[in-house]
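# Coordinate analysis (summary)
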Amino acid sequence: VALGLYFPRKEYFENVYIDEPAGMPLLRIHALRDSHEEVAHFHLCQNLRVPRARLQENNWFQIREKTGLLYLRKSLGREDFNMLSVGNWMPLSKVMLYVCVSHPFQEKQCDSTTCTTVFLSFINATAPACSSLTARQLCFTEMDLSFHIKENKPPGTFHQLQLPSVHHLCQNLSISYKLLAAEGVPFRYNENTTSVRVTQRLDREERERYELIAKCTVREGFREMQVEVPFLVNVLDEDDSPPFLPNGTDTADAVVEFNRKEGTVLSTLTVYDADTTPIYPLESSRKKYTGTIITDDPWISETFHVEHIFDEIHFSPNGSQVRGTRHEY
């Protein structure tokens, strides 16, 4: 069975403090599906990657296979920190962990195409008191709320706004969220689970980018703080729309007179492609679309040739800008 599961984020970031208790939830990772039948099963690759050091066996972190919740399997003590920071005197050490998805009953692999990277910042201090954190720190991690969702794929949950670690540690605070969006956008926020869901299949040729706002309210007694951050969804392209000709014109007449100079343009034909944008290096785009003169006459083949020029343009379906390519032959 081909694995169509994919991550809406390529990277996740989280802080880990000394002496946080075993069972401490750190972050929730989501995977989206290619087809309705697929079920995601999450697993961790065995090793931690520590910069400037050899791989370390992962003894501290675990992930819930069905929900994607990453948590501390055992408390990270000062000795652990010293080992993982390779004797580094710095107050912070970054460690990389790989989370992958597989189908049930399928062999668990650490293939980069079905994995995402979690960057953990090990901080040589105990977790700060909730009262000392700003609303921004209580509500959102340091990473941007920016996601990539493939077009033409089934609906699904792709993010949880509530931070599992803050929810676990700061139970005296009331933290609530809202997703501010224009009417009719295909995203829904569930207040009970604080999760965000794409509600229908997306079409990149209709809209390539959605710009929403995540709003968070923190209440502590009579005190109330609010913070808003951008929430962006980019739609990834699937090559599903054929090129088209403006006004349906697929023929261009050329009149060739005597004594034309070499390099004279005799005729032009324009082709639009709303589905793809120019690929770099440019030769890659030229190979995708070729212009050929079909003839049995060797003189014609030697005397005339087709030149291909292309550039990126913007279409505006439904008032939103979508990138595409204009090819001129």
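Residues numbered from 1 in each chain as written. Predicted model: local features only at pLDDT ≥ 70, side-chain atom pairs only at ≥ 80, totals over all residues. Heavy atoms only, no water.

## Topic: the pattern of salt bridges
Pairing between side chains of opposite charge can happen when the charged atoms of each approach one another. Throughout the structure, instances matching the rule amount to 11 salt bridges. E208 serves as the salt-bridge partner of R204, at 3.2 Å between the closest nitrogen and oxygen. (Salt bridge = Lys/Arg side-chain N within 4 Å of Asp/Glu carboxyl O.)

## Describing the sheet that holds strand β17 (residues 270-273)
Reading across from one edge, β17-β19-β18 is the order of the three strands in this open sheet, with antiparallel pairing throughout. In this open sheet, the two strands that pair with only one neighbour each are β17 and β18 (309-315). Direction aside, the axes of adjacent strands within the sheet are offset by 25 degrees on average. In terms of strand pairing, β18 meets strand β19 (residues 322-328) through seven bridges, oriented antiparallel. For F310, the partnering residue across the bridge sits in β19 and is H327. (Pairing = 2+ DSSP bridges. Helix = DSSP H or I, 4+ residues; strand = E, 2+ residues; numbered from the N terminus. Axes fitted to C-alpha atoms, helices over the stretch in contact; angles between N-to-C directions.)

## A word on the layout of surface pockets
Roughly 920 Å³ of internal volume is contained in the largest pocket. For the largest pocket, the lining is made up of 25 residues, of which T264, V265, L266, S267 and H305 are closest to its centre. In terms of residues, the lining of the largest pocket owes the most to one element, helix α5 (residues 298-303), which gives three residues. Taken together, the residues of the lining of the largest pocket break down into 12 nonpolar, six polar and seven charged. Counted as a void, the second largest pocket has a volume near 530 Å³. With four residues, the top contributor of residues to the lining of the second largest pocket is strand β1 (residues 11-17). In the lining of the second largest pocket, the residues fall into 14 nonpolar, five polar and five charged. When residues of the lining of the second largest pocket are sorted by domain, at least three fall in each of domain 1 (1-127) and domain 2 (129-237). (1 Å grid on protein atoms, 1.4 Å probe; cavity = no way out; pocket = protein on both sides within 12 Å on 5 of 7 lines; lining within 4 Å. Points joined across faces, edges and corners; volume = space filled by probe spheres on them. Nonpolar A, V, L, I, M, F, W, Y, C, P; charged D, E, K, R; others polar. Domains from an automatic or database assignment.)

## Some words on empty space enclosed by the protein
Summary: where empty space remains is shown by rolling a probe the size of a single water molecule over the atoms. In this structure the tally under the stated criterion is three cavities of 30 Å³ or more. Volume-wise, the largest cavity comes out at about 160 Å³. Looking at the largest cavity, it is lined by 16 residues, and the ones nearest its centre are T141, M143, H159, Q160 and L163. When contributions to the lining of the largest cavity are tallied by element, the ones reaching two or more residues are β1, β2 (25-28) and β11 (156-160). Grouping the amino acids of the lining of the largest cavity by side-chain chemistry returns 10 nonpolar, four polar and two charged. Each of two domains, domain 1 (1-127) and domain 2 (129-237), supplies a minimum of three residues to the lining of the largest cavity.

## A few points about the state of the cysteines
Evaluated as defined, the whole model comprises four disulfides. Between the sulfur atoms of C139 and its disulfide partner C216 the distance amounts to 2.0 Å. The sign of the S-S torsion, about -65 degrees, decides the handedness of the disulfide formed by C139 and C216: left-handed. Remark: C216 occurs in strand β15 (residues 209-220) and C139 occurs in helix α2 (residues 135-139); sequence separation between them is 77 residues. For the pair C139 and C216, one class covers both residues: buried. With its disulfide-bonded cysteines labelled consecutively along the sequence, the protein chain is connected as 1-3, 2-4, 5-7, 6-8. (Disulfide = S-S within 2.5 Å. Buried < 20%, exposed > 50% of the residue type's maximum accessible area, 1.4 Å probe, protein only.)

## Brief notes about the packing of aromatic side chains
By convention here, two paired aromatic rings are described through the distance between centres and the angle between planes. Within the structure shown, the criterion is met by 12 aromatic pairs. In textbook terms, an aromatic cluster arises when at least three aromatic residues are bridged by ring pairs, as seen for F147, F158, F187, Y210 and F231. Taking the ring centre of Y12 as reference, the NZ or CZ of R9 above it sits at 5.7 Å. Looking at K150, its charged tip hangs above the ring of Y6, at a distance of 4.6 Å from the centre. (Phe/Tyr/Trp six-rings, centres within 6.5 Å; stacked < 30°, edge-to-face > 60°. Lys NZ or Arg CZ within 6 Å of the ring centre and 35° of its normal.)

## Notes on the domain arrangement of the protein chain
Taken domain by domain, the protein chain holds domain 1 (1-127), domain 2 (129-237) and domain 3 (239-328). Placing the centre of domain 2 and that of domain 3 at their C-alpha centroids yields a distance of 43 Å. Opposite the eight residues of domain 2 that make contact, domain 3 presents 12 residues. Both faces combined, the contact of domain 2 with domain 3 buries some 800 Å², and carbon together with sulfur accounts for 28% of it. Among the residues of domain 2 in contact with domain 3, E205, E206 and E208 are the three that bury the most area, contributing 58% of the side total. Remark: the boundary between domain 2 and domain 3 carries one salt bridge. Here E208 and R323 are joined by a salt bridge, their closest N and O atoms 2.6 Å apart. (Contact = heavy atoms within 4.5 Å. Buried area = accessible area lost by both parts, 1.4 Å probe.)

## Looking at the sheet that holds strand β14 (residues 195-198)
As summarised here, the arrangement of the three strands in space is β11-β14-β13, forming an open sheet in which the pairing is antiparallel. Of all the strands in the sheet, just β11 and β13 (187-190) have a single pairing partner and so form its edges. For this sheet the average axis-to-axis angle between neighbouring strands, irrespective of direction, equals 30 degrees. Alignment of β13 against β14, held across four bridges, turns out to be antiparallel. Pairing of F187 across the sheet is with V198, part of β14.

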